[in-house]
Amino acid sequence: GLMTTDLATQMRAREATIVPLIKSFGTIQSFDFAGSRNEADVFVINFASAETEWFIGMDDDGKVAALLFRPAQEAAPAATATPAPSATTAPSGQ
């Protein structure tokens, strides 16, 4: 098989939940390799109604040993809103 025995067992146990969820995303619009993190390859897959990130880790025999998908993470803005500096005013009336 393509997966390790352990992962295949986990996937079968979750199939009733995972398959309808993925089908609800619609057709694949794009599929892009996004690099590697923690020994897993990362793919960004855009479906008709969802943008997802998939993490796929392989074992030494070339079988899929880890598989995770989640909604794609938006890139963090370069700068977050910072509070305006407090206005300093001279005491009035004195």
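Before reading on, note that the structure itself is shown above.
Notes on the structure in this doc start here. Sequence order as written defines the numbering, with residues in each chain counted from 1. Two thresholds apply to this predicted model, a pLDDT of at least 70 for residue-level local features and 80 or more for giving and counting side-chain atom pairs, whereas whole-chain, interface and lining totals are computed over all residues. Water and hydrogen atoms were dropped before computing side-chain values, which therefore reflect all heavy atoms in the structure.

For the rest of this paragraph, the subject is the pairing of strand β4 (residues 64-71). If DSSP finds at least two bridges between two strands, the strands pair. Note on conventions: DSSP H or I runs of at least 4 residues are helices, E runs of at least 2 residues are strands, and numbering of each starts at the N terminus. Summarising the sheet, strand β3 (residues 51-58) and β4 pair through seven bridges and their orientation is antiparallel. The residue bridging Thr 52 from the neighbouring strand is Pro 71, located in β4. Following β3, the chain reverses through five residues before pairing antiparallel with β4; Gly 62 in that reversal takes a positive phi of roughly 80°.

What follows covers the nonpolar core. Buried Ala, Val, Leu, Ile, Met, Phe, Trp, Tyr and Cys residues that are joined via side-chain atoms within 4.5 Å together make up what is termed a nonpolar core. Note on exposure labels: buried denotes an accessible area under 20% of the residue type's maximum, exposed denotes more than 50%, and partly exposed covers the range between, all computed with a 1.4 Å probe on protein chains only. Within the largest apolar cluster, six residues are counted, these being Phe 25, Phe 43, Ile 45, Phe 47, Ala 50 and Trp 54. With three residues, the single largest contributor to this core is strand β2 (residues 40-47). Two residues form a contact once any of their heavy atoms are found within 4.5 Å. If near-sequence neighbours (up to four positions away) are discounted, Phe 25 is found in contact with Phe 47, Ala 48, Ser 49, Ala 50, Thr 52 and Phe 69.

Our next topic: the pattern of salt bridges. What makes a salt bridge here is a side-chain nitrogen of Lys or Arg within 4 Å of a carboxyl oxygen of Asp or Glu, nothing more. The final tally for this structure, using the stated rule, is two salt bridges. The partner of Glu 53 in a salt bridge is Arg 37, and the shortest N-O contact between them spans 3.9 Å. A residue pair is termed long-range when its members are at least 10 positions apart, and Glu 53 in strand β3 and Arg 37 in strand β1 (residues 28-37) qualify at 16 residues. Taking relative accessible area as the criterion, Glu 53 reaches 6% and is therefore assigned buried. Residue classification places Arg 37 among the partly exposed residues on the basis of a relative accessible area of 40%. As a salt-bridge pair, Arg 70 and Glu 53 come within 2.9 Å of each other at their nearest N and O atoms. Here Glu 53 lies in strand β3 and Arg 70 lies in strand β4, a separation of 17 residues in the sequence. A relative accessible area of 29% means that Arg 70 is categorised as partly exposed.

Further remarks concern the sheet that holds β3. Spatially, β1-β2-β3-β4 is the arrangement adopted by the four strands of the open sheet, whose pairing is antiparallel. In the strand order of this sheet, the two ends are held by β1 and β4, each with one partner. Here the average twist between neighbouring strands, direction ignored, is 20°. Summarising the sheet, β2 and β3 pair through six bridges and their orientation is antiparallel. Opposite Asp 41, over in β3, you have Ile 56 as the bridge partner. Note on method: axes are straight lines fitted to C-alpha atoms, helices fitted across the in-contact stretch only, with angles between N-to-C directions ranging 0 to 180 degrees. Along the sheet face, helix α1 (residues 5-24) touches β2, β3 and β4 and points at about 25° away from the line of β4.

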